[in-house]
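Below are the chains, spelled out letter by letter.
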Amino acid sequence: MLEVRWADLCRNCAGTEAIDPVYADTLHAVAALSEMRRAIGTFAEELADAGRSFEWIDHARRRANPPITSESVPNLTAAMRGVRGWAETLAAINRAALEYCRQYDTLLARLADRLGSDVEDGLLDRAIDIVATETPARAESELLQKITCAPDPEPHSYLRRRRGLFDAWGYVADLWLQSHRSGDTETATIVERAKQHLAHHLAQVRDLTQLPVDPSVVAHPADTPQSWADRVLATLRDRNVTAWVDRAEMTLHSLRDAHRTAAGTEPERALLVPGWPLISNESERLAYLTQYPTLLAPVRIDGGHDWGSPSHQTCVAVLRVPDAAAEQAHAISAQTASIPLTTGIDPLSAASQLLRSYGIVVHPIDVPATARPSQLIATERARLAAAITDTPFQAHPRPFTHGASLPPHVYHPNTEWTPLTARAAFDRRGSVFIPGVDDLDRFALGFDVSGMYDSVDVQVRLETPAGTPPLVQRHWSQTPDIEHPPTPTTAGLIDVPAALHGLTGDRTSLLLAISPCHEPIPVPLNYIAMLQALR
């Protein structure tokens, strides 16, 4: 029984009294639970309809947009937690929400089973990718483009590589894929259909200088230069079509044999997928990936912007998928990347490595809480403290040294350290704070997260795991250069521009938004050698 006093809720409609936050939370929870129940009922009815068809994009969208998730349940009951007399209501909402989440996940699993295996479709994509990259198919298609200068009537086709001119290879690849997906796998039929289509689209020679000589095409007495050239083109065109289809069929046959051989071992990979949660029409070909578990929570990043368009946000996910699913993803999108999860490879380390290669410099998995800084950080802090002192060229570069007075550039009638003066003391290009050396209490006065009304642009020198150093733009600085960057086998230091959102309440971490990440993450001070203002 949800103990809602509806009379109290109705007062808000009359405008006589604000609703108690506990009642408001309860009302929102009941509404969310009701919506989830209706969604489950509708979902179950649709699955029971044997005549209804589903695609993987349906699975992706349902997985991405349930009315309630296990992560959102605590938000439904935030105001009533710890309030006397509401324990039973709180427990009832939690039980109902978790049960509905379980039912919804069960329906998603049933939908995935109904959609069936995607292995064969993945092999088709992979076969086309291999033919395109490991044979002269693209070069042969480009020659036909140069000879005919034919415009492309379908510029948005899936496999079109060039815009404006007709891509014969892309057209034949499309036709071969669709034929196999529809069950029409007779090679001779596919070849004949492709020849007829290309004869229509690539009918005439327009640049005779690009046409290769073919001694097998004998000139007839009635031939004009154009008719002879068109017959040479027809021979070249038909020969290419036959070769392209034969290559695709042979590659598919080899991939099927390889898959049957490896089916018993089921190797897996960590797969990086941009554009998560794959619910847009452009992501439809990759939507099958939503059936696999994520290794890390998706990372929200700024997706940049085109001229005249606003910036947008997207997410990058790292999944744990079978080897065949990863190969299919690579054939569909060049933006995906993967690492085989062979024996001895830690899946989370592989996920972190993929994120760094994508440009995400720091993930919380890279900076787990530690009791004390590493020797690398301790040594660097001492080196920086000895090097960064008052000079004739830069006065008061470290405003938070122990016992220091307010810098002269802080013009304020109050000469005491306050949140305002602490912010002003650091708000100068080149000012430095060295954790573990400088006065943390004074720094916290100005940068406690509870008092931050906006972010501050900073440059952070921090420790990063072993691996390929991430590509970051280091800003101008008078501080000593880094002596120990990361290597493939050892951790090292990097300078990273970031937006500082404050010091956590327990004073152990800084909340830093490091491009391209949109949301700040807590980076423990034990990983930070220096924080420098960029303004």
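Calculation notes
- Residues numbered from 1 in each chain as written.
- Predicted model: local features only at pLDDT ≥ 70, side-chain atom pairs only at ≥ 80, totals over all residues.
- Heavy atoms only, no water.
- Helix = DSSP H or I, 4+ residues; strand = E, 2+ residues; numbered from the N terminus.
- Buried < 20%, exposed > 50% of the residue type's maximum accessible area, 1.4 Å probe, protein only.
- Contact = heavy atoms within 4.5 Å.
- 1 Å grid on protein atoms, 1.4 Å probe; cavity = no way out; pocket = protein on both sides within 12 Å on 5 of 7 lines; lining within 4 Å.
- Points joined across faces, edges and corners; volume = space filled by probe spheres on them.
- Nonpolar A, V, L, I, M, F, W, Y, C, P; charged D, E, K, R; others polar.
- pLDDT = per-residue confidence, 0-100.
- Polar contact = N/O pair within 3.5 Å; in protein donor to acceptor, adjacent residues only side chain to side chain.
- Pairing = 2+ DSSP bridges.
- Axes fitted to C-alpha atoms, helices over the stretch in contact; angles between N-to-C directions.
- Core = buried A, V, L, I, M, F, W, Y, C linked by side-chain atoms within 4.5 Å.

Draft legend 1. Structural context of the overall build of the chain. Tallying secondary structure elements over the chain gives 15 helices and 10 strands in all. Across the 535 residues of the chain, 44% fall into the buried class. Nonlocal contacts in the chain, meaning residues at least 24 apart in sequence, comprise 69% of its contacts between residues at least 6 apart.

Draft legend 2. Structural view of the layout of surface pockets. Roughly 1000 Å³ of internal volume is contained in the largest pocket. Arg63, Thr69, Glu71, Trp276 and Pro298 are, among the 37 residues lining the largest pocket, the residues nearest its centre. Going through the elements one at a time, helix 3 (56-64), helix 5 (87-115), strand 1 (268-276), strand 2 (294-302) and strand 3 (313-322) are the ones with two or more residues in the lining of the largest pocket. Within the lining of the largest pocket, the residues separate by chemical class into 21 nonpolar, 10 polar and 6 charged.

Draft legend 3. Just the confidence of the model for the chain, in detail. Confidence in the prediction for the chain averages 81 pLDDT; 86% of positions are at 70 or higher. Low pLDDT, under 50, characterises residues 304-311; the predicted model gives this stretch 5 contacts beyond four residues in sequence or across chains.

Draft legend 4. Region of interest: the side chain of serine 333. Here serine 333 shows up in the loop between helix 11 (323-332) and strand 4 (337-340). A polar contact of 3.2 Å, which involves the side chain of serine 333, links it to the backbone nitrogen of glutamine 335.

Draft legend 5. Main features of the sheet that holds strand 6 (residues 456-464). Strand order in the open sheet formed by 6 strands is 5-10-6-7-8-9, and the pairing between neighbours is antiparallel. Pairing within the sheet leaves two strands with one partner each, and these edge strands are strand 5 (432-433) and strand 9 (521-524). As paired strands, strand 6 and strand 7 (residues 492-503) are joined by 9 bridges and run antiparallel to one another. Pairing of leucine 462 across the sheet is with isoleucine 494, part of strand 7. Across the face of the sheet, helix 13 (residues 375-387) comes into contact with strand 6, strand 7 and strand 10 (528-533) while running at roughly 45° to strand 10. Contacting strand 5, strand 6, strand 7, strand 8 (509-513) and strand 10, helix 15 (residues 440-447) crosses the sheet at an angle of about 55° to strand 7.

Draft legend 6. Region of interest: the nonpolar core. Counting residues in each nonpolar core, the largest one holds 38 residues, and the members touching the most others are Trp169, Trp176, Leu198 and Trp244. For this core, the secondary-structure elements that each account for two or more residues are helix 6 (119-134), helix 7 (137-148), helix 8 (168-181), helix 9 (187-201) and helix 10 (225-262). For this core, the element with the most residues is helix 10, which contributes 10 residues. Once residues within four sequence positions are removed from consideration, tryptophan 169 is found in contact with Ile128, Val131, Ala132, Ala137, Arg138, Ser141 and Trp244.

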